[in-house]
Amino acid sequence: MSPSLDLPKNYEFSEVERRWQDTWRDEDTYFDPVSDRPKFIIDTPPPYPTGTFHIGNAFNWCYIDFIARYRRMNGDNVMFPQGWDCHGLPTEVKVEEINGITKNDVPREEFRKMCRDLTLSNIEKMRRTLRRMGFSVDWSHEYITMLPEYYKKTQLSFLRMLSAGYIYQSEHPVNFCTRCETAIAFAEVAYEPRETTLNYFDFDGVDVATTRPELLAACVAVAVHPDDERYRNMAGRNLTVPLFGHRVPLITDPAVDPSFGSGAVMICTFGDKQDVHWWKQHKLELRKAIDRQGRMTTIAGKYAGMKSADCRKAILEDMKEQQILTRQEPLEQRVGACWRCKTPIEIMSERQWFVKIDPEAIMKAAREIEWIPDHMFLRIENWVQQMEWDWCISRQRVFATPIPVWFCKACGEMVVPAEEELPVDPTVDRPSKPCPRCGSRDFSGEADVLDTWMDSSISVLNVTGWDGNGVPLLFPAELRPQGHDIIRTWAFYTILRSVALTGKRPWDTILVNGMVLGEDGYKMSKSRGNVITPEEIVEKHGADALRQWAASGAATGSDIMFNWNDVISASRFQTKMWNIARFVHLQLRRHPYDRDAPAVALADRWLLDCLAGTVADVTNALEAYQFDRALKSIREFAWDVLADNYIELVKGRLYSDDPSREGACRVLETAIDTLCRLMAPFIPFFAEECYSYLGRGSVHSKEWPGLLARDPDARGKGDLLVKVVADLRRYKHERGLALNAPMGRVAIFSAPFSDDSGDASRALNAPVEWHTEPPRLEKAAGDVQFNMAVVGPALRKDAAAFMKAVRVLPEGLLANPPAAIDIGGKEVPVPRDSFSLQFTYRLEGEQVDVRVIDGVIATIHAIP
RNA sequence: GGGCCCGUGGUCUAGUCGGUCAUGACGUCGCCCUUACACGGCGGAGGUCGCCGGUUCGAAUCCGGCCGGGCCCA
């Protein structure tokens, strides 16, 4: 990378990005544990290792990397860890699919190993993508939640919360997926629209409507609204359940909607969340009709063993036969489903493990965190306020962190391992001591495992060095970046766990990014066919272009539509910037120059002030996480200010051998150096390549540009110089002249300066004189210009006579037109804006064209 | 039914604690191959800032209502 080489004509992103990826060293982005620089710890989201990084991840990571790189250049000791949230159902399902087995076909440990192997190979694939995207991950702080060193911390956190009373075991209704055969938390329930049937039937004389006839065996009451006239005086009666014959009470409750169905609803244990309410409130009995596999239990009598869907059909058939089914109507409803497999969830009472939720404590911590954008705070607030019951953390699966608990077979006492024994698998390992209560050595290990969110909700504790004792040294983290889709899960659980384990908020700031939508404005999905992968974009336009799209596509926090145009215009900016750099290097190399040459020319001082303004804008935008504003400011400076105005203005000076070119060279070099630093967080490959030609090492090891001195005087005058030149170019354009065509002498009067170092003259290819005093112009009335769009419609047949009369008006009247004019003895009103008077000017006896620009007068002589 | 976000030229988008010609990109039209760049330069056309009402000297921006879209939750 010798600085003496010229830049190649074309910027080849694929070659350049590949080369720098191979050159950069991992160690350069490691967090320094012994540094005394201010720490900046990022609680990076640990993605699920599916094997492919999707565009939403890429978008999210772009934000993180912009910040990590900016913070590093700013002198912060940055930790950008990379975690992998491994456990969970999708991998189990994938393993079952690949091997054509179910989890019960092989020993538990063998099944786990298959899951681990698949996960590790997926992680390896995803690591490659992270590197290809140029993300400056701290690989010395990588963590993998399925490996012992991590999940022993998960187990430790479980034991700490267990002994602190946060965790308890209880029989309670939970959401249950019968396909996955596991309990799930509310956060894992997705609501899906579904077309179903509302069935009306005769319930021992009461007309009842239900969508779940298969739950008839689990019916424990019938409820009506207390004010419902149809059921006056019926409360308290006992009814016989059709087909099954058990007796249930008819109760009243204001939560019953009298306008839905027949106004009478059967309460079953459990059809939905409302049933749980009623069951608790009215202290009803518990009848469990569906088991963990989704089959009918023995209380379903002759339907026992049937799948619930088959049972529904059978019961409806039997109702028809007994002529108690009165009518059926279609109904649009939203049904809770397992978010992983989309199977409708059942609510069933189960012995499960729960974490207590303390809404006040969580909200107190949430309020201490800065939410960006701030309205995202409302999402967690709404979620916390409507929590129905505690967090169910036990799962009946295999590939997850084991719950580290045994029960004494003799006396039922719960036994936990010592801290130094962790991690344990209680289904394999044995307690090291006999039962403290009865001395027995016969134990059964807890077979349930933990919710995956129990792993990932200690990510911040893990990276800040939590060891189970109090508040870690590096806690809280400075930043949590994540999407708004997981506020109610990852953000919520992390706050809960941090409060429970440390008593503190987990982060200073949470930066919430939006979702990536397809080009058609809808969520990307395979079925819609609107999926775009990061690999595809990187392949076609490079990682830097993708990164620019992420920065500029939307304001921080709002959803972003994927858009090829933005990617293409991003790569165009790189091409433009490359050509700017190429031109600058060509000029710098053409002649030796003094690097400390003072910037005395107006244009040079002007450019430096514009650069100072840009540095300030970009810095402020980054501090406020406004990446779109930062990148826009960079592009505007490079393209509009530097390329289109400054370079065009000083080209002549650069081509010359005049000493004044040194100032321009110095300014250009400063501009390129500073621009590379500003671009480095956004387009690290491009910035590095560009910077390498300066021969000053890696741009990523350089400091962020400090705030530069401002020069308002040069800025004001320079703006005027630029405007004057632009206007005179427009003048040439209007006259059909090529922009580099020679033009006659130009004199500029009433300007606040008299010396532009000849830049305007060379830019316009004309002799240019600057005068601070006003011109001595002789003004003469010239042609009258009529506006036919006004004159025609207003005067019709008189138009020609009107124009003739106007032309012969005295000059004073032309400048201030009368209200009416005499045409052949007729008074005709003069329409507004029907004509305007053109003037001609003479300067020193020569006719000149005149332009007025911001109070400055430019006169243009004809070419002699 | 509740909460939140959004509705700006053909398309996407900035601005939204009120104040001169409403930002940029893509597209479009005209001129220009000017020794960095035609993936370029210069110039133009194109907007009742969703609708209605209110506050104000002044509203894309504040308030109320309505319509439409999205997300989260019942």
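Above this text is the structure in question.
Calculation criteria
- Residues numbered from 1 in each chain as written.
- Chains lettered and ligands numbered in written order.
- Predicted model: local features only at pLDDT ≥ 70, side-chain atom pairs only at ≥ 80, totals over all residues.
- Heavy atoms only, no water.
- Pairing = 2+ DSSP bridges.
- Helix = DSSP H or I, 4+ residues; strand = E, 2+ residues; numbered from the N terminus.
- 1 Å grid on protein atoms, 1.4 Å probe; cavity = no way out; pocket = protein on both sides within 12 Å on 5 of 7 lines; lining within 4 Å.
- Points joined across faces, edges and corners; volume = space filled by probe spheres on them.
- Nonpolar A, V, L, I, M, F, W, Y, C, P; charged D, E, K, R; others polar.
- Axes fitted to C-alpha atoms, helices over the stretch in contact; angles between N-to-C directions.
- Contact = heavy atoms within 4.5 Å.
- Core = buried A, V, L, I, M, F, W, Y, C linked by side-chain atoms within 4.5 Å.
- Buried < 20%, exposed > 50% of the residue type's maximum accessible area, 1.4 Å probe, protein only.
- Phe/Tyr/Trp six-rings, centres within 6.5 Å; stacked < 30°, edge-to-face > 60°.
- Lys NZ or Arg CZ within 6 Å of the ring centre and 35° of its normal.
- Near = heavy atom within 4 Å.
- Polar contact = N/O pair within 3.5 Å; in protein donor to acceptor, adjacent residues only side chain to side chain.

## Describing the sheet that holds strand S16 (residues 391-392)
Inference 1: Across the sheet, which stays open at both edges, the four strands sit in the order S6-S5-S14-S16 with antiparallel pairing between neighbours. Looking at strand neighbours, the two that pair on one side only are strand S6 (182-184) and S16, the edges of this open sheet.
Inference 2: Looking at chain direction, strand S14 (residues 346-355) and S16 are connected through two bridges and run antiparallel. Its bridge partner being in S16, phenylalanine 354 is matched across the sheet by cysteine 392.

## Overview of the layout of surface pockets
Inference 1: Volume-wise, the second largest pocket comes out at about 1,200 Å³.
Inference 2: Lining the second largest pocket are 46 residues, and of these Thr211, Arg212, Gly271, Asp272 and Gln333 sit closest to its centre.
Inference 3: Those elements giving two or more residues to the lining of the second largest pocket turn out to be strand S7 (189-203), strand S8 (206-210), strand S12 (264-268), helix H6 (273-281), helix H7 (308-321), strand S13 (325-338) and S14.
Inference 4: Tallied by class, residues from the lining of the second largest pocket come to 19 nonpolar, 15 polar and 12 charged.

## Let's talk about the sheet that holds strand S22 (residues 477-483)
Inference 1: Across the sheet, three strands lie side by side as S15-S23-S22; this open sheet has parallel pairing. In this open sheet, the two edge strands, each paired with only one partner strand, are strand S15 (370-372) and S22. For this sheet, the mean inter-axis angle between neighbouring strands, taken without regard to orientation, is 15 degrees.
Inference 2: The pairing of S22 with strand S23 (residues 507-513) spans six bridges and is parallel. Note that in S23 the partner of leucine 479 across the bridge is threonine 509.
Inference 3: Those strands touched by helix H12 (residues 487-502) are S15, S22 and S23, and its axis lies near 160 degrees from that of S22.

## Points about the nonpolar core
Inference 1: Counting 141 residues, the largest nonpolar core has Trp549, Phe562, Phe627, Leu642 and Tyr646 as its most contacted members.
Inference 2: Among the elements that line this core, the one with the most residues is helix H17 (residues 627-655), at 14 residues.
Inference 3: Filtering out sequence-adjacent residues up to four positions away, phenylalanine 627 remains in contact with Tyr63, Phe66, Ile67, Leu511, Ala551, Thr556, Leu622 and Phe682.
Inference 4: Formed by 85 residues, the second largest nonpolar core is a distinct cluster that contains Met79, Ile357, Val460 and Val512.

## Quick notes on the packing of aromatic side chains
Inference 1: Per the stated rule, a full pass over the model turns up 27 aromatic pairs.
Inference 2: Taken together, the aromatic side chains of Phe59, Tyr63, Phe66, Trp549, Phe562, Trp564, Phe627 and Phe682 make up a single cluster linked through ring pairs.
Inference 3: Across the ring face of tryptophan 24, the terminal group of arginine 69 is positioned such that the distance to the ring centre comes to 5.5 Å.
Inference 4: Above the plane of the ring of tryptophan 383 lies arginine 488, whose end atom (NZ or CZ) is 5.4 Å from the centre.

## A closer look at the pairing of strand S9 (residues 219-224)
Inference 1: For S9, a buried count of six out of six residues is recorded, marking the element as mostly surrounded by other parts of the structure.
Inference 2: Here five bridges tie S9 to S12, and the two strands are oriented antiparallel to one another. By the bridge assignment for S12, alanine 221 is matched with isoleucine 267.
Inference 3: Across three bridges, S9 lies against strand S11 (residues 247-252) in parallel orientation. Residue pairing for S11: valine 222 is matched across the bridge by leucine 250.

## Remarks on the side chain of serine 456
Inference 1: Tracing the backbone shows serine 456 in helix H10 (residues 452-456).
Inference 2: On the basis of relative accessibility, which here comes to 1%, the residue serine 456 falls in the buried class.
Inference 3: Residues within four places of serine 456 in sequence aside, it is in contact with Pro46, Asp85, Tyr150, Trp490 and Thr494.

## Focus on the protein's contact with RNA strand B
Inference 1: Not every one of the 33 residues close to RNA strand B is listed here, only the nearest: Tyr191, Asn382, Arg488, Trp639 and Tyr655.
Inference 2: Backbone atoms, meaning sugar and phosphate, make up 73% of the atoms of RNA strand B lying within 4 Å of the protein.
Inference 3: At a separation of 3.0 Å, a sugar or linking oxygen of RNA strand B approaches a polar side-chain atom of asparagine 565.
Inference 4: Note that a sugar or linking oxygen of RNA strand B is positioned 2.8 Å from one of the side-chain N or O atoms of asparagine 579.
Inference 5: Mapped onto the surface near RNA strand B, the elements with two or more residues apiece are helix H9 (376-385), helix H15 (564-590), H17 and helix H20 (712-734).
Inference 6: When residues of the surface near RNA strand B are assigned to their parent elements, the largest contribution, nine residues, is made by H15.
Inference 7: Looking at the surface near RNA strand B, its residues break down into 11 nonpolar, nine polar and 13 charged.

## Side note on unusual backbone geometry
Inference 1: Cis geometry is adopted by the peptide bond preceding phenylalanine 270, which originates at threonine 269 and carries an omega value of -5 degrees.
Inference 2: Residue position: phenylalanine 270 is located in the loop between S12 and H6.
Inference 3: For the peptide bond that leads from phenylalanine 475 to proline 476, omega is -10 degrees, which places it in the cis range.
Inference 4: Tracing the chain through its elements places proline 476 in the loop between helix H11 (459-463) and S22.
Inference 5: The phi angle at aspartate 204 is positive, at roughly 50 degrees, despite the residue not being glycine.

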